[in-house]
Amino acid sequence: MFSRSLSLTHLAGSAALVAFLAVPAAAETSVSLGLQQEPTTLDPTSDATAAIDGIVTHNVLESLTTVNEAGEVLPDLAESWEISDDGLTYTFRLVQGVTYHDGTGFDAEDVKFSFDRAMAEDSVNPTKSIFKPIASVMVIDPHTVEIKLSDKDAFFLFNLSRGDASIVAPESVEANKTAPVGTGPFRFDSWTRGDRLTLVKNPDYRAADSVAMDKVVFRFISDPAAASAALLAGELDAFPGFPAPEMLPQFEADPRFAVTVGSTEGEVILAMNNAKAPFDNIEVRRAVNLAIDRAAIIDGAMYGRATPIGSFYPPHGPAYVDLLDKYPHDPAKAREMFEAAGVAGTTMTLRVPPFPYATRSAEIIQAQLAEAGIDAKVENVEWGFWIDEIYKKQNYDMTIIAHTSPNDMGNFARGKSYFYGFEDPEFTALWDAISTETDPDKRNALLKQGQEFLTDAAVHGFLFQLPALGVYDARLQGYWTSAPVLYEPLADLSWAE
Amino acid sequence: MSYFLARRLGGFLLTLLAVSVIVFAVMNVLPGDPALTILGIESTEDARAALRERLGLDAPLAQRYLDWVAGALRGDFGQSYSFGVPVSELISERLPLTLSLAASGMALTVLLALTLGIAAASRHGRVGDWAIMLFSQLGIAIPAFWLSMLLVLLFAVKLRWLPPGGFPGWGEPAAALKSLVLPTVALALVQSAVLARVTRSSALEVMRLDFVRTARASGLSRRRILWRHVLPNALIPVVTIVGLQFAGLVTGTIVIENVFYLPGLGRLLFQSIANRDLITVQALVMLFATIVVAANFLVDLAYLAIDPRLRSQKA
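Model, not experiment: these values are computed from the prediction.

Engineer: Sorry if this is basic, but what is going on with unusual backbone geometry here?
Structural biologist: Excluding glycine, a negative phi dihedral is what most residues carry, and trans is how most peptide bonds are arranged. Put simply, A:A277 and A:P278 share a cis peptide bond, and its omega is 0°. For A:P278, the location among the structural elements is in the loop between strand 12 (257–272) and helix 7 (282–291). Backbone geometry places B:Y261, a non-glycine residue, at a positive phi of 35°. With respect to the helices, strands and loops of the structure, B:Y261 is situated in the loop between helix 10 (222–259) and helix 11 (265–274).

What follows is the structure, given as structure tokens:
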């Protein structure tokens, strides 16, 4: 009896302790978000790391335009704009009364400074190509800027929303690498490298009343198991960009969490080296397309959480055409074609970068190709090696990679020196038409043609669209589930009652 | 200085020299261009060449090696490619956490191992002995990262007594200590399993010796015999293993820091590898190697202190 009553007391005691410790901290105005990758610097205009945009862009630093979750362009630091009839002159009216976090004022000179800096000869802007169409930037008055283009650019306003086009101030631009100063709803507070980064609300923000969070803490957790434990333990309120699809079921089964599966701009492709035998032969590329079974790849590599693609365009986009049936899974037919082309029984390499979507897909594709008579040797290579050997030197047969930039069908017009090794004057002309067509309907019609062209030419095996997986506290609201751009504004985040 | 000590010191320095050559060579034959990784794949060849020059990557290999060693001896490990700050700054930011973790892990390891080892030896062949040996067998078999995950699931996710990871900084001492508990336990459980076995067999060996029988016959208490007579004499092999384990412990922190996302040197090493920040990787690998080699050297010195026979050895 003694031991029993003792254990009961213990039980009651630890139950009380657990209840005490389990009370969530006052979380009404702060939120902690997990990120897998930690940036090394914080200036999106000088470094391409996606994690920088995830933290800084449109939260700390703003741009002339922004986009919503559907990818539609909206005003930001530019409250409105006019486009000349020839499509070459853009006149932006800037929001008035905006100040930077250090108290300095924002005006047209800052816009000119930011663009001139990004376009300069010695600029280290990671996406310099988006500034290429710009001929000049002119200050008309403190609240008006005129930008002249040398060529029409259908994606100009969209591109202006990106972190690469952030509006920075000459007074603070040097400090932006470690402590960015912008005009956004949050200001940079502190960064403990290797652990966390904190943003606090900017009380002087022009729409400060609508911002619910006083504090946003980013925690850097690269290990998927640790990320999942941190969520379960209540240490994190959310993990947008959750790295492990196989761990989602436990969160889906738990009413404390909301699991979101959205879309990104990332097309995952089985790239074939079009410049090299045997993939310079369209019949061989078509045979590869017949040999692969997208459903099995998605089931095995992504635990079913991805949308198959039949060409190089995101399924959520307005110009999407379903071309999945163009090459139905048919290993017997693929084998025949490989035999006809004289490549059956040959060995080729499939060099994959160290990302789970790629390594897992590779093994399944290897099995599928084997079924069609091709012996694909999977080589898992390190990222630096991939960039060097595959991207730069085109030294590969096949690889698997996600292309995460929006509007990047232009890759196929980059000529033989791009790692696809693909060049076709007909497609290049088509892309020129797409990228200069400013009428959305006409442009979408051209984009559809582009997709059909690429699928018909079987340039690559088009596998699936990379999903945006997220785990959120069920009471959190106002976040994006899809990722049309690299950034995600936090100003709308709030806690439900 | 005895011959023993001189030989060991020479060995220590030569090993460090060899390690520095190997580390430098390995870092410089790895494929991949740091300039390309830093500037991104859309950078121009001109920009990359300029960066390589600024980083000193265009100098001859031997020159770069000498510059690196000379700098390292002054505590200057160069500028991190990815963070853009001196590597020594990154290291000094993170060293205290790794050292705290290694020290607390070592302390708990020794405490657990000596207690369990002596307890098992004194219950030789009985249930207690068997249970302790089973525990240590498990400890040897279980990988540290898996044990860490189990501890997190139980104490952080289920019971919510301790944080699942992270480190708030020494500014909040209570929270900082709390966040070191699970990583320390995870480190120590695995390490002490090996050490407990060594302690046990060494103690059993000593207990068969004559002087123990004498002590027993003279009526000393069992506890006193164990702690005053058996333990000190059983320590020599234990010290060797502790020295070797210290190396294992420091490298163990690399795994543990990543599982518990602690901002220490191990995490920095992982990040630097991912960012292709070779100059930082180079400094960290050298630092870890130095710690391991130094630990072995200290073991030798400890022998000298424990075993008087070595002190009188002459060349």
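Engineer: Can you walk me through the nonpolar core in this structure?
Structural biologist: General note: in soluble globular proteins, nonpolar side chains tend to be found buried as a group. With 73 residues, the main nonpolar core has A:Y357, A:I400, A:F412, A:F419 and A:F464 as its most contacted residues. Here this core takes six residues from helix 10 (residues 356–371) of chain A, the largest share from any one element. Not counting chain neighbours up to four residues away, the residues in contact with A:F419 comprise A:A271, A:N273, A:W386, A:I390, A:Y391, A:Q394, A:Y396, A:T399, A:I401 and A:H403. In terms of nonpolar packing, the next biggest core, distinct from the first, is built from 40 residues, A:A230, A:F251, A:F257 and B:L180 among them.

Engineer: So what exactly am I meant to see when it comes to the domain arrangement of chain A here?
Structural biologist: It is common to report an interface's size as the accessible area lost on association of the parts. All names here are of chain A. What the domain assignment reports for chain A is domain 1 (27–40 + 184–263 + 476–495), domain 2 (65–170) and domain 3 (267–465). Between domain 1 and domain 3, the C-alpha centre-to-centre distance is 33 Å. Taken together, the contact pairs seven residues of domain 1 with seven residues of domain 3. In total, domain 1 and domain 3 occlude about 690 Å² of area from one another, counting both sides; carbon and sulfur atoms represent 57% of this.

Engineer: Is there a simple way to explain the confidence of the model for chain B in this structure?
Structural biologist: Looking at chain B, pLDDT values average 85 and 95% of them are 70 or higher. As a predicted assembly, this complex carries a pTM of 0.85 together with an ipTM value of 0.82.

Engineer: Just checking my understanding: could you explain the confidence of the model for chain A for this structure?
Structural biologist: In low-pLDDT segments, the atomic positions of the prediction should not be examined closely. Within chain A, residue pLDDT values average 91, and 95% of them lie at 70 or more. Ignoring residues within four places in sequence, the model shows residues 1–27 of chain A, a span with pLDDT below 50, making nine contacts including any to other chains.

Conventions we followed
Residues numbered from 1 in each chain as written. Chains lettered and ligands numbered in written order. Predicted model: local features only at pLDDT ≥ 70, side-chain atom pairs only at ≥ 80, totals over all residues. Heavy atoms only, no water. Helix = DSSP H or I, 4+ residues; strand = E, 2+ residues; numbered from the N terminus. Core = buried A, V, L, I, M, F, W, Y, C linked by side-chain atoms within 4.5 Å. Buried < 20%, exposed > 50% of the residue type's maximum accessible area, 1.4 Å probe, protein only. Contact = heavy atoms within 4.5 Å. Domains from an automatic or database assignment. Buried area = accessible area lost by both parts, 1.4 Å probe. pLDDT = per-residue confidence, 0-100.

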